[in-house]
Every structure is written in C-alpha cells, then in structure tokens.
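Here is what each chain is made of, one letter per residue.
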Amino acid sequence: MTSKPDRVVLIGVAGDSGCGKSTFLRRLTDLFGEDFVTVICLDDYHSLDRKQRKETGITALDPRANNFDLMYEQVKALKNGQSIDKPIYNHETGELDPPERIDPNHIIVIEGLHPLHDERVRSLLDFSVYLDISDEVKIAWKIQRDMAERGHTYDDVMAAINARRPDFEAYIDPQKGHADVVIQVLPTNLIKGETERKVLRVRMVQKDGVEGFEPAYLFDEGSTIDWTPCGRKLTCSYPGIKMFYGPDTYYDHSVSVLEVDGQFDELEEVIYIEKHLSKTSAKYEGEVTHLLLQHREYPGSNNGTGLFQVLTGLKMRATYERLTSKEAKTKVAANV
Ligand SMILES: Nc1ncnc2c1ncn2[C@@H]1O[C@H](COP(=O)(O)OP(=O)(O)OP(=O)(O)O)[C@@H](O)[C@H]1O
Ligand SMILES: O=C(CO)[C@H](O)[C@H](O)COP(=O)(O)O
C-alpha cells in the first residue's frame, strides 16, 4: 500500500468464472497503480469446501456455500479503515488455508461470483460492474482457455457449463440488475452464422441517475444513434464496424447504452471514435486510445470489450476522485 487512505473506495466486479474478470482487473490496476488497489477474490468466503459441496450437492454459486455475514463484516471493517484477517480459499486443494492480514487501501475491489448478491455488501459499494457474457461467447472462451491451457476436453467444458447453469441463472445473473455498468458480450450481428465468436457485439449498459456517474455518450446525449464510422478514418476490414447509442430500460431502470459491433484493425485509429464520444471521464483527448494501446496484448483490446473495460475503468477513477475530494473538503470544512 502507498499511504494510509482517508477514504476507502469500494468497487465490485461481478461475473461468472472465465468471463474476463482478471483482464478487467489488470486494466484497473494499470490505471490506478498496483500499490493503490487491493483486490479481494470472494471465493475466499466459500463456507463449504470442495469436499463438503460434493457431499451436499450444493455448488459454489449457491449462496448457502458462502459466508455473507463474514463478507459483510470484513468489507465494512476495511471501508472503515480497519485491517481484517481474511480467509483464503485454496483452489489447488479445495480447502480453506489459514487467514491472511489485509489492510485498508485507497481502492478495494471485491471480485467474483457474488459481490452484488447480499444487500448489506451491496450498500457498501461505491461503484459496480457486471460482466455479462452470453452463453455462446462464454462457451467459446472457456473452450479456448480450458482446452488449450488446462488440458480439458470439449465434453468436460460443456458438462461444467451445463452443471453450473441452474445456479448461475438463479443467483449470479440477477445481480446485473444492481450494477452501475453492465458490459454485455454477444455474438456479432454483422455476419450470419459466425460460430467462432471472434467478432463480437459489445454493449455498455450505463445506469442513469446514479450520483456522480455521468454515462458516456455518442454525438448527442439522449438521442438514438446508429453510426457506421467512416472507412477512410477507421480501417476495418470485413465485416466492418457499427456503433449504436441510445436510451433504454433495463431491470426497470433507465439506462444509456453504447454499443460496438465488429473489431478495430488499427488500434491507433480508435482515437477517431474517441473524438465522437463525450463524458468519457478521460483527462485528455486520446487517453482512452492511449490506455488501449498500452496493453494491446490483452484479450479484447481490438473490440468493444477492451474499449468498454477502459471506459468503465475511467468511470471508476472519476468516482474515486469525486469521493476522495469530497472527503477532503468535508475535513477542511470541519477543520479536522
Ligand atoms: N475480451 C476478451 N476477448 C476474447 N477472449 C477473452 C476476453 N476476455 C477473456 N477472454 C478469454 O476468457 C478467458 C478467461 O478470462 P479471465 O481469466 O480474464 O476470466 P476470469 O473471469 O478472471 O476467470 P476465472 O475467474 O475463472 O479466473 C481468457 O483466458 C481468454 O481466453
Ligand atoms: O466459480 C468459481 C469461482 O472461481 C469456482 O468454481 C469456485 O470458487 C469453486 O472453486 P473450485 O472449483 O476450485 O473448488
């Protein structure tokens, strides 16, 4: 950690396993600096170990396999500036290891299956994102990772996804109704029958009316816009790129949606799109493009997943800056 924080800002990153949380977290630590951010994986609050889950038939996605009372107490303590002794779930052994000491930090990220499930934990969050990967894309990513890197067969991957589905739908998916931003990753509409899921349609669903969070928009705030960027200014080979912006309703609340379908051939040219976006929370024109270029090797940098992860990171930075400057002003006013 750098210096003792005056105000701990708490961020939630929710999503199923294998949905790109690690990539998003890398973008966040790049933005804030590693020492400034502490990431807590909520798997550490599993109350049933692997053997007990197997015996009872309760999955890790089921709230009964997780200790939300402890999660709440510990997250609240960190937010109040107190250190905690956090349990550790060991994915190698499937058991709990002895706890580790975690000190408060400027930014604490709680990431995993359930950051938005428990009302008490949710109420502590200053900003939240849900990574919503459609089944088609999730299968493609899982196959790519688990077959190539972890030695699983196609049938293993499909069996694991199917076994998780009922509890995923019951307990994980509904959390997206509570998130400030939902990043939806869907198959492209540009190519009929594309099954490789290389080309993606990505939507950034931004909740309206959240204090201090100004949704980014394209061209004209509140309008509905379909935009095919100019082929001379943004090189994009077949099937091209399409963007959309407009208002919508999501889980009974009003949202502003940004969408990119397709992929960028030349990442440097994303500046052309950035110039047409407003309220990005960038500090200078070109910062969004610069952040994407900094890590062009991260998966999704050449499409809407990278672009919207960067934009969401900037919104988190804006929240951090707003809350910490408010805290400082309150202290000055109170002469502390
Ligand atoms: N934006 C993306 N575009 C293409 N593939 C991606 C993208 N994000 C993630 N992937 C693929 O999905 C895999 C899982 O991503 P990542 O490790 O970031 O997910 P995770 O949610 O942290 O998973 P876990 O919780 O299981 O560790 C990556 O190895 C990569 O193959
Ligand atoms: O969804 C998960 C979150 O990462 C894991 O499946 C869960 O944590 C259980 O882990 P393991 O399979 O290693 O016992």
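Keep in mind that this is a model prediction, so the values were computed, not measured. (Residues numbered from 1 in each chain as written. Chains lettered and ligands numbered in written order. Predicted model: local features only at pLDDT ≥ 70, side-chain atom pairs only at ≥ 80, totals over all residues. Heavy atoms only, no water.)

**Concerning a negative patch on the surface**
Right, on to step 1. A surface patch of like charges, here negative, comprises Asp-30, Glu-34, Asp-35 and Glu-297.
Right, on to step 2. With respect to the element layout, Asp-35 can be found in the loop between helix H1 (21-32) and strand S2 (37-41).
Right, on to step 3. In this structure Asp-35 comes out as partly exposed when scored by relative accessible area, which is 48%. (Patch = residues over 30% accessible without salt bridge, like charges linked within 9 Å, V, L, I, M, F, W, Y side chains within 5 Å. Areas by Shrake-Rupley, 256 points an atom, 1.4 Å probe, with all protein chains shown as cover. Salt bridge = Lys/Arg side-chain N within 4 Å of Asp/Glu carboxyl O. Lys, Arg positive; Asp, Glu negative; His and termini not counted. Charge placed at Lys NZ, Arg CZ, Asp CG, Glu CD. Helix = DSSP H or I, 4+ residues; strand = E, 2+ residues; numbered from the N terminus. Buried < 20%, exposed > 50% of the residue type's maximum accessible area, 1.4 Å probe, protein only.)

**Here we look at the domain arrangement of the protein chain**
Right, on to step 1. Annotation of the protein chain at the domain level lists domain 1 (1-129) and domain 2 (180-291 + 300-318).
Right, on to step 2. For domain 1 versus domain 2, the separation of C-alpha centres amounts to 28 Å.
Right, on to step 3. On the domain 1 side of the contact with domain 2, Arg-27, Leu-31 and Phe-127 bury the most area, a combined 53% of that side's loss.
Right, on to step 4. Our count for the contact surface shared by domain 1 and domain 2 stands at zero salt bridges.
Right, on to step 5. At the junction of domain 1 with domain 2, the criterion picks out four residue pairs in polar contact (both at pLDDT 80 or more).
Right, on to step 6. Contributing elements (two or more residues each) for the side of domain 1 that touches domain 2: H1 and strand S6 (127-133).
Right, on to step 7. Top element by residues in the side of domain 1 that touches domain 2 is H1. It accounts for six residues. (Domains from an automatic or database assignment. Buried area = accessible area lost by both parts, 1.4 Å probe. Polar contact = N/O pair within 3.5 Å; in protein donor to acceptor, adjacent residues only side chain to side chain.)

**Some details on H1**
Right, on to step 1. Taking 1.5 Å per residue, 12 residues should reach 16 Å; H1 reaches 16 Å between its end C-alpha atoms and fits that length.
Right, on to step 2. Along H1, nine of the 12 residues are buried, which leaves the element largely enclosed by surrounding structure.
Right, on to step 3. Burial in H1 covers these residues: Lys-21, Thr-23, Phe-24, Leu-25, Arg-27, Leu-28, Thr-29, Leu-31 and Phe-32.
Right, on to step 4. Gly-33, located one to two residues past H1, shows a positive phi value of around 95 degrees. (Expected span 1.5 Å × (residues − 1).)

**Some points on the site of ligand 1**
Right, on to step 1. Around ligand 1 sit 14 residues in total, of which Gly-18, Ser-22, Thr-23, Gln-144 and Thr-305 are the nearest.
Right, on to step 2. Measuring from an oxygen atom of ligand 1, one finds a side-chain N or O atom of Ser-22 at 2.4 Å.
Right, on to step 3. Protein contact buries 80% of the 630 Å² of open area that ligand 1 shows by itself.
Right, on to step 4. The set of elements that each furnish at least two residues to the shell around ligand 1 consists of H1 and helix H5 (135-148).
Right, on to step 5. By residue class, the composition of the shell around ligand 1 is three nonpolar, eight polar and three charged. (Near = heavy atom within 4 Å. Nonpolar A, V, L, I, M, F, W, Y, C, P; charged D, E, K, R; others polar.)

**Some points on the pattern of salt bridges**
Right, on to step 1. Scanning the entire structure with this criterion turns up 25 salt bridges.
Right, on to step 2. The shortest N-O distance in the salt bridge between Lys-51 and Glu-55 comes to 3.6 Å. Of this pair, Lys-51 and Glu-55 both sit in helix H2 (residues 50-56), four residues apart, roughly one helical turn.
Right, on to step 3. Residue Lys-51 is classed as exposed on the basis of its relative accessible area, which comes to 60%.
Right, on to step 4. Taking the relative accessible area as the measure of exposure, Glu-55 reaches 58% and is therefore exposed.
Right, on to step 5. One salt bridge in this structure joins Arg-120 and Asp-69, with 3.0 Å as the shortest N-O distance. Of this pair, Arg-120 sits in helix H4 (residues 119-124) while Asp-69 is found in helix H3 (residues 68-79), placing the two residues 51 residues apart along the sequence.
Right, on to step 6. Residues joined in a network through salt bridges with shared partners are Arg-201, Arg-203, Asp-248 and Glu-259.

**Re the nonpolar core**
Here is a general trend for soluble globular proteins: nonpolar side chains tend to be buried in one another's company.
Right, on to step 1. In terms of nonpolar packing, the biggest core is built from 54 residues, with Phe-32, Leu-258 and Phe-308 touching the most fellow members.
Right, on to step 2. The leading source of residues in this core is helix H9 (residues 304-333), at eight residues.
Right, on to step 3. When residues of this core are sorted by domain, at least three fall in each of domain 1 (1-129) and domain 2 (180-291 + 300-318).
Right, on to step 4. When sequence neighbours within four positions are dropped, the list of residues in contact with Leu-258 reads Val-202, Arg-203, Met-204, Gln-206, Ala-216, Tyr-217, Leu-218, Phe-244, Tyr-245, Leu-277, Phe-308 and Leu-311.
Right, on to step 5. Core analysis: the second largest hydrophobic core is formed by 31 residues, Leu-61, Leu-78, Ile-84 and Ile-172 among them. (Core = buried A, V, L, I, M, F, W, Y, C linked by side-chain atoms within 4.5 Å. Contact = heavy atoms within 4.5 Å.)

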